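Structural overview
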Amino acid sequence: MDQPLELSNITFSYGDGELRRAVLKDVSLSVAPGEIVILTGPSGSGKTTLLTLIGALRGMQEGSCLVLGQEMRGASEAARVALRRRIGFIFQNHNLLGFLSARQNVAMSLELHGGMNDADRLKRAGEMLAAVGLAEHADKRPAQLSGGQRQRVAVARALVAEPGLVLADEPTAALDRASGQEVVRLLSDLARRRGTPILLVTHDPRILDIADRIVAMEDGRIIDTSAASSPASH
Ligand SMILES: Nc1ncnc2c1ncn2[C@@H]1O[C@H](COP(=O)(O)OP(=O)(O)OP(=O)(O)O)[C@@H](O)[C@H]1O
C-alpha cells in the first residue's frame, strides 16, 4: 500500500529572475500510517514552505509530492481543494472564527462533508470538544477561552472530520509548557487511536518526545532523520 505521504526530490524557489532563490532542495521524505514526525530546524530552513506544499496550499514546482494517494505535482485547483478537505490543519494562531462558539467552530469542519444535518454536526462537535476536555466550554467564543483552550479547540476542529493526515505548524508556540504539552499529547493520542499520521513543525524542544521520528532541516535540505523514543513508551 502507498504511504500516506511520499515526497521525492522536492525543489521549490520563491522569486523571479535574479531574485529567484531555492528554499527547498531535493527534499525526500515518507511518513507511514499513524506515524508522528516532527520537522525541526532553524528559522528560514523551509519547514513552513514544505508544509504548505504538502497541504496543497501552494503549487508544486519540481519533484513529486504524493499525499493520501494524490499526486500534487501538476494537480488542478479542484484536486487541491478536494485534498485539503482530507487534511486536518492546526496553526500557531489557531484561525478560529471569533464570532462563533467553540462548538460552531468545530462543526464548521463537518460542513464540507455531506451526510450530516446541522444538529448532527453540532452533536459530533460537542463530543469532540469533550474528548479534548472542553465539554464545559463548548458554547464559549474563542475570546472567552485561554490560549491553551483555544488550541485544544483547534485540535478538535482538525480531527473531527477524521482526516487522513494532520499538518501542524508551531501548534504550541504561544502556550506555556504545561498547556503546550497537553495540547500535543491530546493531538497524538487521538491521532494514534485512528492511525492518523501527523507532520508537525516545531522549534519547541519540550514536545520532541511525542515524535516517532525527528527530521531536521537546514537551508532547504533534510540534514538528519532520527528515530525518537519508541512508540511503545507513549
Ligand atoms: N512568500 C514568500 N516569498 C518569498 N520568500 C519567502 C516566502 N515565504 C517564505 N520565504 C522565504 O523562504 C525561506 C523559507 O521560509 P519558511 O517559512 O519555509 O522557513 P521556516 O523554516 O518555516 O522558518 P520559521 O521557522 O521562521 O517559520 C525563508 O528564507 C523565507 O524568507
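What counts, and at which threshold
- Here, residues in each chain are numbered from 1, in the same order as that chain's written sequence.
- Where local features are concerned, this predicted model is filtered to residues with pLDDT of at least 70; where side-chain atom pairs are given and counted, the filter is 80 or more; whole-chain, interface and lining totals use all residues.
- Side-chain metrics rest on all non-hydrogen atoms present in the structure, leaving aside hydrogens and water.
- Working definition: helices are DSSP H or I runs of at least four residues, strands are E runs of at least two. Numbering for both runs from the N terminus.
- Working definition: with a 1.4 Å probe on protein chains only, accessible area under 20% of the residue-type maximum means buried, over 50% means exposed, and in between means partly exposed.
- To count toward a patch, a residue needs a relative accessible area above 30% and no salt bridge. Like charges then connect within 9 Å, nonpolar side chains (Val, Leu, Ile, Met, Phe, Trp, Tyr) within 5 Å.
- Values of accessible area rely on a 1.4 Å probe in the Shrake-Rupley scheme; residue burial ignores everything except the protein chains shown.
- Between Lys or Arg on one side and Asp or Glu on the other, a salt bridge is scored when a side-chain nitrogen of the former is within 4 Å of a carboxyl oxygen of the latter.
- Lys and Arg are tallied as positive, Asp and Glu as negative. Neither His nor the chain termini are counted.
- The contact rule is simple, with two residues in contact once any of their heavy atoms fall within 4.5 Å.
- Strands are treated as partners if at least two bridges between them are detected by DSSP.
- Fitted lines through C-alpha atoms serve as axes, helices being fitted only where they are in contact, and the angles separating the N-to-C directions of these axes extend from 0 to 180 degrees.
- Near residues are defined by distance, with any heavy atom within 4 Å of the molecule or strand qualifying the residue.
- Between N or O atoms, a polar contact is any pair within 3.5 Å; within protein, one atom must be a potential hydrogen donor and the other a potential acceptor, and residues adjacent in sequence are included only when both atoms are from side chains.
- Each residue gets one of three labels, nonpolar for Ala, Val, Leu, Ile, Met, Phe, Trp, Tyr, Cys and Pro, charged for Asp, Glu, Lys and Arg, and polar for the others, Gly among them.

The name given to the protein chain in an unreviewed UniProt entry is ATP-binding cassette domain-containing protein, and the organism recorded there is Rhodovarius crocodyli.

**Remarks on the environment of Leu-190**
Residue position: Leu-190 is located in helix H6 (residues 177-194). Assessed through its relative accessible area of 9%, Leu-190 is described here as buried. For the pair Leu-190 and Met-108, spaced 82 residues apart in the sequence, the C-alpha separation amounts to 19 Å.

**Some thoughts on a nonpolar patch on the surface**
Judged by side-chain polarity, Leu-97, Phe-99 and Met-108 come together as a nonpolar surface patch covering roughly 290 Å² of accessible area. Here Leu-97 lies in the loop between strand E6 (87-91) and helix H3 (102-111).

**Points about the side chain of Asp-169**
By secondary structure assignment, the location of Asp-169 is in strand E7 (residues 165-169). For the buried Asp-169, no salt bridge exists, and the shortest N-O distance to an oppositely charged side chain is 7.3 Å, to Lys-47. Excluding its chain neighbours within four sequence positions, the residues that come into contact with Asp-169 are Thr-48, Leu-51, Ile-90, Phe-91, Gln-92 and Val-201.

**Things to note about the sheet that holds strand E1 (residues 5-14)**
Taken in spatial order, the four strands line up as E2-E1-E4-E5 in an open sheet, and their pairing is antiparallel. Looking at which strands have only one partner, the edges of the open sheet turn out to be strand E2 (21-31) and strand E5 (70-71). Of the strand pairs in this sheet, E1 and E2 are connected by seven bridges, and their pairing is antiparallel. Following the sheet pairing, Leu-5 is matched in E2 by Val-31.

**Quick look at the sheet that holds strand E8 (residues 198-201)**
Here six strands make up an open sheet; going across it, the order is E6-E7-E8-E3-E9-E10 and the pairing mixed. The open sheet has two edge strands with one neighbour each: E6 and strand E10 (221-227). Recorded for the sheet is a direction-independent mean angle of 15° between the axes of neighbouring strands. Of the pairings in the sheet, the one linking strand E9 (residues 213-218) to E10 comprises six bridges and is antiparallel in character. Residue pairing for E10: Met-217 is matched across the bridge by Ile-222.

**Re the site of the ligand**
Residues in close proximity to the ligand include Tyr-14, Arg-21, Val-23, Pro-42, Ser-43, Gly-44, Ser-45, Gly-46, Lys-47, Thr-48, Thr-49 and His-203, which together make up its full environment. In this structure, Gly-44 approaches the ligand through a main-chain N or O atom, which is 2.8 Å from an oxygen atom. Taking Thr-49, its side chain carries an N or O atom lying 2.5 Å from an oxygen atom of the ligand. When the ligand is considered free in solution it has 630 Å² of accessible area, and contact with the protein chains removes 59% of it. Elements that contribute at least two residues to the shell around the ligand include exactly E2 and helix H1 (47-54). A total of three residues in the shell around the ligand trace back to one element, the largest contributor, which is H1. Of the residues assigned to the shell around the ligand, the class counts are three nonpolar, seven polar and two charged.

**Here's the deal with the environment of Val-81**
You can see Val-81 is positioned in helix H2 (residues 77-84). Residue Val-81 is classed as partly exposed on the basis of its relative accessible area of 27%. Taking the C-alpha atoms as reference points, Val-81 and Gly-55, separated by 26 residues in sequence, lie 9.7 Å from one another.

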